[in-house]
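So the chains spell out like this:
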Amino acid sequence: MSKPSPADGASVNDARKTPPAIPTRSVLHVLDLGIDAATLTAALVDVESVSGDEARLADLVEQALEGCASLALARDGNVVMARTDRGRPRRVVLAGHLDTVPIADNVPSRRAGGMLYGCGSSDMKSGVAVMLRLARLVGNGELDPRLDLTWVFYDCEEVEAVRNGLGRIARTDAAALAGDLAILLEPTGVVVEGGCQGTLRVTVRVTGVRAHSARAWLGVNAIHAAAPVLNRLAAYHPREVDVDGLVYREGLNAVAVAGGVAGNVIPDVCTVTVNHRFAPDRSEDEALAHVREVFDGFPVELADSAPGARPGLDSPVAAEFVAAVSGEPRAKLGWTDVARFGVLGIPALNFGPGDPNLAHKPEEHVEVQQVLDAEAALIRFLS
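What comes next is a walk through the structure.

Basis of the calculations
Residues numbered from 1 in each chain as written. Predicted model: local features only at pLDDT ≥ 70, side-chain atom pairs only at ≥ 80, totals over all residues. Heavy atoms only, no water. Salt bridge = Lys/Arg side-chain N within 4 Å of Asp/Glu carboxyl O. Helix = DSSP H or I, 4+ residues; strand = E, 2+ residues; numbered from the N terminus. Buried < 20%, exposed > 50% of the residue type's maximum accessible area, 1.4 Å probe, protein only. Arc of directions from axis to C-beta. Contact = heavy atoms within 4.5 Å. Pairing = 2+ DSSP bridges. Axes fitted to C-alpha atoms, helices over the stretch in contact; angles between N-to-C directions. Parallel < 35°, antiparallel > 145°, perpendicular 65-115°, else oblique. Left-handed = near helix turned anticlockwise from the far one by under 90°. Nonpolar A, V, L, I, M, F, W, Y, C, P; charged D, E, K, R; others polar. Phe/Tyr/Trp six-rings, centres within 6.5 Å; stacked < 30°, edge-to-face > 60°. Lys NZ or Arg CZ within 6 Å of the ring centre and 35° of its normal.

1. Describing the pattern of salt bridges
Part 1 of the reasoning: Within the structure shown, the criterion is met by 23 salt bridges.
Part 2 of the reasoning: In this structure, D144 and R86 form a salt bridge, with 3.3 Å as the shortest nitrogen-oxygen distance. With D144 in the loop between α4 (121-139) and β6 (148-154) and R86 in the loop between β2 (79-83) and β3 (91-97), this pair connects stretches of sequence that are 58 residues apart.
Part 3 of the reasoning: Given a relative accessible area of 53%, D144 falls into the exposed group.

The structure is reproduced here in structure tokens:
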């Protein structure tokens, strides 16, 4: 509603009491790929892109890449892809997700003490900024890479797997992801993290007999009967497995317990949800068989699973990359989209600026120097 004027019957003093307008955040209309990678990270953070709402950022990325004359572009929903076709004998795929978890009062970005703060600064808009900087350098002829390159900027990594943009491309157009090595620019502290653990989730069901709690002897308490399940978990010793020179530590943990009917009822069902993180020397079927063995005697139902990925460091291109970036590779303790490349038979590793332990936190941040170092390392490798 417009502010009243004296002609509307309000006094001049009343008009002056109208609260001032609240300033609105400026809207970014273009991504400048000519600025340094850390400043570009800040610009990306300032464009909110919570999972499912990446269209604006995808538009900006596509628009910016259109200025890279020698790159061929493709768009699939909110997945933006670019590639070179210079007849090089080998190809490297650079991949990064555009989405973030929900904002936690940490947008817009801010800099302090050599750190850049903001939602997605570590996971993984700093990695996306490095990808975009490389696209500009290659697309405008400032960098002539010795390998052909594919860039994949995708949506919905932070939500359920069925919505994952990279997974969709893998299902519908796997040829677009073909390469001799894939590098996922997830936060690793600018250290090569090879492969990833697999993960699965099961429910272990324990049954009893329902009864009134005043006459508990007439029933069997299913929650009490779940004690052996928890005891087996408490006594479990996870494997530490060397896979191609990297050590993966497994885990088998209860992540939820559900049971109970009412405050005066002996429960007849209790379920324990268990998450198993397994080394990439095991397939999903082998990992599930192991879990069923641990809980022998109890019904075990698979809820979901995703495969691990071997390190792939024995690939010649991966070995060249490790040599170029220096530092000792380590195992990726967690699941990332490198597994999607592994399923396609493409060696894949994680390498990017940022600390994965800060991901999804309100205080999420990235060291500015790490962003610059990641770009420099990739330029060394490509040169």
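That covers the picture; the talk isn't over yet.
2. Some thoughts on helix α8 (residues 284-294)
Part 1 of the reasoning: Within the span of α8, buried status applies to A287, L288, H290, V291 and V294. Here the buried residues of α8 occupy an arc of 155° about the axis, which is enough to place them on one side. In this structure, α8 carries D285 and E293 as exposed residues pointing more than 90 degrees from its buried face.
Part 2 of the reasoning: If you follow the buried residues of α8, they end up packed against β9 (198-207), α7 (227-235), β13 (251-259), β15 (269-278) and β16 (300-306).

3. Some thoughts on unusual backbone geometry
With the exception of glycine, the majority of residues adopt a negative phi angle, and the majority of peptide bonds are in the trans configuration.
Part 1 of the reasoning: The residue after V107, namely P108, is reached through a cis peptide bond having omega 10°.
Part 2 of the reasoning: A cis geometry characterises the amide bond from D123 onward to M124, with omega recorded as -10°.
Part 3 of the reasoning: Located in the positive-phi region is V190, a residue other than glycine, with phi close to 60°.
Part 4 of the reasoning: Examined against the element boundaries, V190 turns out to sit in the loop between β7 (181-184) and β8 (193-194).
Part 5 of the reasoning: Classification of V190 as buried rests on a relative accessible area of 18%.
Part 6 of the reasoning: Even without being a glycine, S326 presents a positive backbone phi close to 65°.
Part 7 of the reasoning: Residue placement: S326 occurs in the loop between α9 (316-325) and β17 (330-331).
Part 8 of the reasoning: Here S326 falls in the partly exposed class, since its relative accessible area comes to 47%.

4. Some thoughts on the sheet that holds strand β1 (residues 72-76)
Part 1 of the reasoning: Within the open sheet, the eight strands sit side by side as β1-β2-β6-β3-β7-β18-β8-β17. Their pairing is mixed. Every other strand in the sheet has two partners, leaving β1 and β17 as the edge strands with one partner each.
Part 2 of the reasoning: Packed on one face of the sheet, α4 meets β3 and β6 and runs near 140° to β3.

5. Overview of the packing of α9 against helix α11 (residues 368-382)
Part 1 of the reasoning: Contact geometry of α9 with α11 gives a least axis separation of 9 Å together with a crossing angle of 130°. Considering the angle they form, α9 stands oblique to α11. The handedness of the crossing between α9 and α11 comes out as right-handed. In contact with V317, E320, F321, A324 and V325 of α9, α11 contributes A377, L378, R380 and F381.
Part 2 of the reasoning: Residues of the contact of α9 with α11, tallied by class, amount to seven nonpolar, no polar and two charged.

6. A short note on the packing of aromatic side chains
Part 1 of the reasoning: Per the stated rule, a full pass over the model turns up two aromatic pairs.
Part 2 of the reasoning: Both rings, one in F321 and one in F381, keep their centres 5.0 Å apart while their planes meet at 90°; by these two values the pair is edge-to-face. Separated by 60 residues along the polypeptide, F321 in helix α9 and F381 in helix α11 bring together distant segments of the chain.
Part 3 of the reasoning: Given a relative accessible area of 0%, F321 falls into the buried group.
Part 4 of the reasoning: For F381, a relative accessible area of 1% translates into the label buried.
Part 5 of the reasoning: An aromatic cluster of at least three residues, connected via ring pairs, comprises F321, F351 and F381.
Part 6 of the reasoning: A cation over an aromatic ring shows up here: R110 above the ring of Y117, its NZ or CZ 4.2 Å from the ring centre.

7. Quick word on the sheet that holds β15
Part 1 of the reasoning: Spatial strand order, β13-β15-β9-β16: four strands in an open sheet with antiparallel pairing. Each of the sheet's edge strands pairs with one partner strand only, and the pair in question is β13 and β16. Here the average twist between neighbouring strands, direction ignored, is 20°.
Part 2 of the reasoning: Both β13 and β15 contribute to a ladder of eight bridges, which runs antiparallel.

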